[in-house]
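As a plain string of letters, each chain reads:
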Amino acid sequence: IGAGLMVGGLGAFGMLIYFARSGPTTISMLDVGQGDAILVETPHHRRVLVDGGPNRIVLSQLGRSVPLWSNRIDAVIASHLDADHIGGLDDVIERFRVGQVFASGAIHQTDTTKDFFAQISSHALPFSQLQEGMEWELDGVGFSVLYPQGVTVGANPTESNSAAIVLKVSANNRCALLAADISATDEAALLEYAAQKQISLDCDLLKVAHHGSKYGSSNEFLHAVTPQTAVISVGKNSYGHPTQEALNRLQELGATVFRTDQRGSIEWQF
């Protein structure tokens, strides 16, 4: 019994040190195959998970970043409801202590979305929709929603990429832009919005839109972001992602490009 109390006491002491210790802000692009899953961790270990990949592979990737005794994810954000972005989120909600869930307004019914919302309901999690102009701060880390614009609930599922949430994450005078699956048309709308609101899109890190599709990462958008580092979340696929067109535009800009299919999970700190 004494040994058990000692081990338990040391474990509790370790947790106190862990949460008291301040570290960098970390953004991890998790290797989940053909899909997106991005974990943002604040200096005091608050966590925001943006998307959950296509299936439960996200659990093994999160297990490398989130200690078993600290299995809380403060917020889950579904950038949009395509299966390669939310297919693993029902497993995340089942496995982790999730604080709240956010998504875009474009909600359509598929087996994947039904499983996702069933888990939200069964765990009685607070759920809200995000759109441009919303922002909040967590441990000094700023989150700004730059897109989408006034999405109607129940939008056509074929338009889900154009309803995807684009997030700007800022800390220590540096920032990352998480571009979900938006196209060049959406990028143009985002550029117009940023100009109207005098919002700088100039960021150190870009999560490349739509796994490196040729229909995104326009020259105009890339020159507004001017990322030093560009990360493409991609796996084996039949779409030709990432396309040479997108890679060429990134390389011409001078960005250092990393791919999860080549490097595994990619961590960036600031």
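Everything here concerns the structure above.
Residues numbered from 1 in each chain as written. Predicted model: local features only at pLDDT ≥ 70, side-chain atom pairs only at ≥ 80, totals over all residues. Heavy atoms only, no water.

1. Concerning the overall build of the chain
And then number 1: Scanning the chain from terminus to terminus reveals nine helices and 14 strands.
And then number 2: Each of the 270 residues in the chain was classed as buried or not, and the buried ones make up 53%.
And then number 3: Summed over all atoms, the accessible surface of the chain reaches about 12000 Å², with 51% contributed by carbon and sulfur. (Helix = DSSP H or I, 4+ residues; strand = E, 2+ residues; numbered from the N terminus. Buried < 20%, exposed > 50% of the residue type's maximum accessible area, 1.4 Å probe, protein only. Areas by Shrake-Rupley, 256 points an atom, 1.4 Å probe, with all protein chains shown as cover.)

2. Some details on helix 8 (residues 244–253)
And then number 1: Among all positions of helix 8, only Ala-246, Leu-247, Arg-249 and Leu-250 are buried. Down the axis of helix 8, the smallest arc covering the buried residues is 160°, so these residues share one side.
And then number 2: On the buried face of helix 8, the contacting elements are helix 7 (219–225), strand 12 (229–232) and strand 13 (256–259).
And then number 3: In the segment just after helix 8, Gly-254 is the residue with positive phi, at about 90°. (Arc of directions from axis to C-beta. Contact = heavy atoms within 4.5 Å.)

3. A short note on the side chain of Thr-25
And then number 1: Counting through the fold element by element, Thr-25 comes out in the loop between helix 1 (2–20) and strand 1 (26–29).
And then number 2: Once you skip the residues sitting within four places of it in the chain, Thr-25 turns out to touch Glu-41, Pro-43, Val-141, Ala-171, Trp-268, Gln-269 and Phe-270.

4. Observations concerning the pairing of strand 1
And then number 1: Residue alternation in strand 1 divides its side chains into two sets, Thr-26 and Ser-28 and Ile-27 and Met-29, and both sets are buried.
And then number 2: Note: strand 1 against strand 2 (residues 38–41), four bridges, orientation antiparallel. Bridging across to strand 2, Thr-26 finds its partner in Glu-41.
And then number 3: Judged from the four bridges that link them, strand 1 and strand 14 (residues 266–269) form a sheet pairing that is antiparallel. Across the sheet, residue Thr-26 finds its bridge partner in strand 14, namely Gln-269. (Pairing = 2+ DSSP bridges.)

5. Here we look at the environment of Glu-267
And then number 1: The residue Glu-267 is located in strand 14 in this model.
And then number 2: Judged by relative accessible area, Glu-267 falls into the exposed class, the value being 52%.
And then number 3: For the pair Glu-267 and Val-231, spaced 36 residues apart in sequence, the C-alpha separation works out to 9.9 Å.
And then number 4: At 3.2 Å, the side chain of Glu-267 forms a polar contact with the side chain of Gln-269. (Polar contact = N/O pair within 3.5 Å; in protein donor to acceptor, adjacent residues only side chain to side chain.)

6. A few points about the pattern of salt bridges
And then number 1: Per the counting criterion, the structure on display carries seven salt bridges.
And then number 2: One network of salt bridges, in which partners are shared, links Arg-46, Arg-72 and Asp-74. (Salt bridge = Lys/Arg side-chain N within 4 Å of Asp/Glu carboxyl O.)

7. Looking at the sheet that holds strand 13
And then number 1: One open sheet holds the seven strands; their spatial order is 7-8-9-10-11-12-13, and the pairing between them is mixed. Looking at the sheet topology across the chains shown, the edges are occupied by strand 7 (135–138) and strand 13. Adjacent strand axes in the sheet meet at a mean angle of 20°, parallel and antiparallel pairs treated alike.
And then number 2: Bridge count between strand 9 (residues 166–171) and strand 10 (residues 174–178): five bridges; the pairing is antiparallel. Directly across from Val-169, in strand 10, lies its bridge partner Ala-176. (Axes fitted to C-alpha atoms, helices over the stretch in contact; angles between N-to-C directions.)

8. Brief notes about the nonpolar core
A general trend in soluble globular proteins is that nonpolar side chains are found buried together.
And then number 1: By size, the foremost hydrophobic cluster in this structure holds 27 residues, and its most contacted members are Leu-177, Ile-182, Leu-190, Leu-206 and Val-225.
And then number 2: For this core, the elements supplying multiple residues, two or more each, are strand 8 (141–147), strand 10, helix 6 (184–197), helix 7, strand 12 and helix 8.
And then number 3: If you tally residues by element for this core, the top one is helix 6, at four residues.
And then number 4: Not counting residues within four places of it along the chain, the set of residues in contact with Val-225 comprises Leu-177, Leu-201, Asp-202, Cys-203 and Leu-206. (Core = buried A, V, L, I, M, F, W, Y, C linked by side-chain atoms within 4.5 Å.)

9. Regarding the packing of aromatic side chains
And then number 1: Per the stated rule, a full pass over the model turns up five aromatic pairs.
And then number 2: Between Phe-117 and Phe-127, the ring centres sit 5.4 Å apart and the planes meet at 80°, which makes this aromatic pair edge-to-face. With Phe-117 in helix 5 (residues 111–122) and Phe-127 in strand 6 (residues 127–129), this pair connects stretches of sequence that are 10 residues apart.
And then number 3: Aromatic rings pair up to connect Phe-102, Trp-136 and Phe-143 into one cluster.
And then number 4: When the ring centre of Phe-96 is taken as reference, the NZ or CZ atom of Arg-95 above it lies at 4.6 Å. (Phe/Tyr/Trp six-rings, centres within 6.5 Å; stacked < 30°, edge-to-face > 60°. Lys NZ or Arg CZ within 6 Å of the ring centre and 35° of its normal.)

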